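Tertiary structure, described
The primary structure of each chain is shown beneath.
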Amino acid sequence: MKLTIAKDQLLTGLQAVQNVVGSRSTLPILSNVLLRAEGGQLHCTATDLDVTISCAVPANVEIPGTVTLPVKKIVGITRELAANEIEIEVDEKAVAMVRAGASYFKVHGLAADEFPPLQSFQNAKSVTFTQEKLKSMLRKTSFAVSTDETRYVLNGIFFSFKDSKATLVATDGRRLALTDEDAEIAPTSQADFIVPTKAISELNRLLTAGPVEIQFTENLVAFRTTAATEGGTGVLIISKLVDGSYPNYRQVIPQAPQERITLVREELLQALRRAEIMTSDKSNSVKLAFGRNQLVITGNTPEVGEARETLSINYSGKEMAIAFNPTYLMDPLKALTNDEIFFELIDELSPGVVKCNEPFLYVIMPMRMS
Amino acid sequence: MDAFFASVEQRDRPELRGQPVIVGSPPDRRGVVSAASYEARKFGVRSAMPSRTAGRLCPHGVFLRPRMDAYRDESRAVMALLAATGPHVQPVSVDEAYLDWSADHPGTDPEAALLQAVPRARALQTRIHRERGLTASIGIASNKLLAKLGSDFNKPNGLTLIPDRDRAAFLRPLPVRALHGVGAVTEQVLVAAGLRTIGDLQDHPGDLRALVGSWGPTLRQFAHGEDDRALEYGDDIKSISSENTFGTDTEDRPLLRACLREQAEEIAGKLARRSLVARTVQVKVRYSDFTTLTRQFSRDEPVTEAREIYRLACWLLARDKLVHRPLRLLGMGVSGLQEQKIRQLILPW
């Protein structure tokens with residue numbers, strides 16, 4: 001294998017995949033990146049056996065071939081090289097010679113045939129989105145994913161492809177975020193599955209512009225992006241699916257709100273940020289008191305002090321005071337970009353709902369004084 | 001209080017006075033002795049002993065089912081008498097409490113203050129006996145460690161003063177197990193190192209940390225009768241637990257789940273009544289051969305609701321595959337408790 005490649009291109013390819021390489025890999029080969037030079041491209045691939053990422057970048061391939069190299073070393077070398085053009089040549093013993101300007105490195109690799117093969121998605125079901133749309137859907141849901149290791153099925157985002165609608169749901173048992181979009185879904189591609197958190201964070205990092213094809217089987221999902229521009233990079237993210245059934249999220253969506261209040265998102269967010277300052281670990285709630293045309297938000301900790309924020313709103317419903325964890329209330333406000341949001345309430349012990357002028361719904365459980 | 005549960009029974013049923021009374025499970029059933037009257041103790045019956053063993057040791061013992069409500073009411077009445085002596089009372093269990101009277105003798109020489117406490121303690125003992133018909137044993141000393149040892153020293157109806165200058169001498173002949181914090185495991189370690197009595201500990205030239213780890217310096221202080229633990233007031237409980245011993249050993253999942261659900265409800269109820277939240281959930285299993293295992297899980301997000309406690313307990317049992325053979329006992333508990341007046345409601349799954 002022999003090729004020359006621009007430093008920026010090599011770095012792009014390596015940085016796209018290196019995140020999945022764990023520091024405590026059980027198999028030495030999993031600390032390596034698989035490099036495959038072929039047809040004017042260098043394909044970089046890394047895996048932790050749960051998530052696999054592959055990224056193709058343009059290269060000038062003289063002799064096609066494959067090798068695996070320790071990813072930490074090769075990223076370090078590439079980042080520090082002074083010259084812009086890098087030549088990589090690999091001998092039959094998987095030893096790589098890296099030359100760039102006045103620098104020369106010899107790096108011992110491992111044969112590529114020991115690297116776990118990429119899973120096949122032949123005959124898999126598939127749905128295609130734009131990367132922008134998928135990224136926006138992930139942004140509106142991923143903050144609500146559970147990190148609690150005892151709630152395995154909630155450690156990911158639920159994808160549902162049904163009746164020309166793609167729905168994404170995330171919940172940690174205290175709040176739930178849901179968004180949906182119209183999508184072209186073939187009758188044979190109807191399905192639902194749970195994509196684990198690690199794959200989600202890689203998607204959040206790697207999605208840019210252009211189309212993304214989502215392929216899925218019983219236990220695997222692949223996200224395949226195509227570069228929007230000539231000479232750009234395409235990325236493939238493959239992940240195992242979370243094995244388990246997602247809870248029936250529809251049952252927790254309140255059907256008949258008593259009050260629907262329009263609020264200025266940024267104004268509410270700022271007020272909550274300030275009120276949160278006076279909360280504490282033991283007293284981690286803010287109280288929202290709705291009165292005639294005004295909302296008073298208070299946060300307090302006994303013997304520390306209190307914050308009081310008064311917002312002018314349009315409200316003529318019954319007086320109501322309801323307490324929430326400020327983080328859970330601010331999360332969707334940070335994820336949205338709309339000027340206005342709608343807050344729907346029933347009473348102080350029933351779930352509240354945040355909506356906006358886009359397909360988005362957020363259910364948040366209140367806190368109760370005992 | 002002396003043989004508390006048994007004494008309450010003997011007070012309420014005069015025909016039982018002078019009889020060996022054993023409160024707990026019947027001798028032909030599983031379960032343990034909760035309390036034994038002094039007449040029963042002569043036969044070697046002790047609390048926490050399996051009832052079958054007690055039945056063997058004391059075949060003519062009068063076995064009574066515990067009447068917890070009666071004991072709790074009695075405990076409240078006695079604690080009220082203690083509270084009448086001053087504000088500094090730390091209940092330790094239903095029948096034990098520490099009183100701190102040091103504020104009543106400001107500036108007095110410590111030995112003199114201890115002596116002044118004697119008539120007050122005697123008056124308290126008399127009042128408990130007169131108003132409640134029960135006897136109590138009292139230890140008077142300069143700290144909790146010694147006061148407790150003093151109260152155990154001359155039961156029943158005992159009153160023991162440990163003068164401050166005599167504390168090391170008082171402790172010398174006692175077995176190491178008598179010290180607060182020395183359980184079966186620590187005792188084994190100490191005895192293996194040739195340290196049988198508290199005197200042995202006092203004379204031990206080496207670093208006790210080599211034997212008992214970071215607890216070494218405290219153990220040395222305790223051995224010399226030094227203890228600076230303050231009284232803890234109010235409902236300062238460290239953990240809440242619940243467990244069931246089954247009539248027949250079982251691995252029937254629906255039964256075990258029902259048992260866990262009930263325990264979780266009980267624990268969540270206690271948490272709610274005290275406005276507490278927990279950060280640690282523990283499960284306990286005991287197999288037919290008495291092998292006992294516990295597993296626990298801690299997290300930042302506090303646990304309050306029964307179904308959450310239940311879910312975490314099930315998760316722990318499943319994670320470590322603890323139910324792979326019939327269980328004699330199944331239990332759960334919560335700890336890492338913190339007062340929190342406001343609790344997060346959760347979605348129904």
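Summarised in this report is the structure supplied together with it.

Conventions we followed
Residues numbered from 1 in each chain as written. Chains lettered and ligands numbered in written order. Predicted model: local features only at pLDDT ≥ 70, side-chain atom pairs only at ≥ 80, totals over all residues. Heavy atoms only, no water. Helix = DSSP H or I, 4+ residues; strand = E, 2+ residues; numbered from the N terminus. Buried < 20%, exposed > 50% of the residue type's maximum accessible area, 1.4 Å probe, protein only. Contact = heavy atoms within 4.5 Å. Areas by Shrake-Rupley, 256 points an atom, 1.4 Å probe, with all protein chains shown as cover. Pairing = 2+ DSSP bridges. Salt bridge = Lys/Arg side-chain N within 4 Å of Asp/Glu carboxyl O. Axes fitted to C-alpha atoms, helices over the stretch in contact; angles between N-to-C directions. Parallel < 35°, antiparallel > 145°, perpendicular 65-115°, else oblique. Left-handed = near helix turned anticlockwise from the far one by under 90°. Nonpolar A, V, L, I, M, F, W, Y, C, P; charged D, E, K, R; others polar. Polar contact = N/O pair within 3.5 Å; in protein donor to acceptor, adjacent residues only side chain to side chain.

This part takes up the overall build of chain A. Scanning chain A for helices and strands turns up 6 helices and 26 strands. Taking all 370 residues of chain A together, the buried fraction comes to 55%. Excluding contacts between residues fewer than 6 apart, the proportion of contacts in chain A whose partners are at least 24 apart in sequence is 65%. About 16,900 Å² of surface is accessible on chain A, with carbon and sulfur atoms providing 47% of the total.

Residue and element names in this part refer to chain A. Taken together, the 6 bridges between strand S10 (residues 125–130) and strand S15 (residues 211–216) define a ladder with antiparallel strand orientation. For Val-127, the partnering residue across the bridge sits in S15 and is Ile-214. Across 5 bridges, S15 lies against strand S16 (residues 220–225) in antiparallel orientation. Following the sheet pairing, Val-212 is matched in S16 by Thr-225. Between the antiparallel neighbours S15 and S16 lie 3 residues.

Enumeration over the complete set of coordinates arrives at 51 salt bridges over all chains. Among the ionic pairs, Asp182(A) bridges to Lys165(A), the shortest N-O distance being 3.3 Å. With a gap of 17 residues between them, Asp182(A) in strand S13 (residues 175–182) and Lys165(A) in strand S12 (residues 165–171) connect regions that are remote in the sequence. The partner of Glu74(B) in a salt bridge is Arg132(B), with the nearest N and O atoms 2.8 Å apart. With Glu74(B) in helix H4 (residues 68–83) and Arg132(B) in helix H5 (residues 110–132), this residue pair connects regions lying 58 residues apart in the sequence. Residue classification places Arg132(B) among the partly exposed residues on the basis of a relative accessible area of 27%. Taken together, the shared-partner salt bridges connect Glu9(B), Arg11(B), Asp12(B), Arg67(B), Glu74(B) and Arg132(B) into one network.

All right, on to the packing of helix H3 (residues 131–139) of chain A against helix H4 (residues 197–206) of chain A then. Residue and element names in this part refer to chain A. H4 packs onto H3 with a crossing angle of 130° between their chain directions and a minimal axis gap of 10 Å. In terms of orientation, H3 lies oblique with respect to H4. As for the relative orientation of H3 and H4, their crossing is left-handed in sense. Here Gln-131, Lys-135 and Leu-138 of H3 lie close against H4, whose contacting residues are Ile-200, Leu-203, Asn-204 and Leu-206.

All names here are of chain B. Here the amide bond leading from Lys-155 into Pro-156 is cis, since omega sits at -10°, within 30 degrees of zero. Inspection of the secondary structure puts Pro-156 in the loop between helix H6 (144–153) and strand S7 (159–161). The backbone of Ala-48 sits at a positive phi, close to 75°, despite the residue not being glycine. Mapped onto the secondary structure, Ala-48 falls in the loop between helix H2 (38–41) and helix H3 (51–57). Relative accessible area serves as the criterion here: at 59%, Ala-48 is assigned to the exposed category. Of note in this structure, Ser-275 is not a glycine but carries a positive phi near 55°.

Moving on, we come to the packing of helix H1 (residues 4–12) of chain B against H4(B). Residue and element names in this part refer to chain B. At a minimum axis separation of 10 Å, H1 and H4 run at an interaxial angle of 95°. On the basis of their axis angle, the class for H1 and H4 is roughly perpendicular. Taking contact as the criterion, the partners of Phe-4, Phe-5, Val-8, Glu-9 and Arg-11 in H1 are, on H4, Met-68, Tyr-71, Glu-74 and Ser-75. Of the residues assigned to the contact of H1 with H4, the class counts are 5 nonpolar, 1 polar and 3 charged.

All names here are of chain A. Positionally, Asn-155 belongs in the loop between H3 and strand S11 (156–162). Here Asn-155 falls in the buried class, since its relative accessible area comes to 16%. Reaching out from Asn-155, the side chain makes a polar contact with the backbone oxygen of Asp-148 at a distance of 3.2 Å. Among all residues touching Asn-155, those that are not within four sequence positions of it are Val-145, Ser-146, Thr-147, Asp-148, Glu-149, Val-195, Pro-196, Thr-197 and Val-242.

Moving on, we come to the sheet that holds strand S17 (residues 234–240) of chain A. Residue and element names in this part refer to chain A. Sheet architecture is open: 8 strands sit in the order S6-S2-S3-S4-S17-S16-S15-S10, paired in antiparallel fashion. Where the open sheet ends on each side, the last strands, each with one partner, are strand S6 (65–70) and S10. Averaged over all neighbouring strand pairs, the angle between strand axes comes to 15°, with direction disregarded. Helix H1 (residues 7–17) contacts strand S2 (32–38), strand S3 (41–47) and strand S4 (51–58) of the sheet and is inclined by roughly 170° relative to S4. Its contacts with the sheet put H4 on S4, S16 and S17, and the angle it makes with S17 is roughly 170°.

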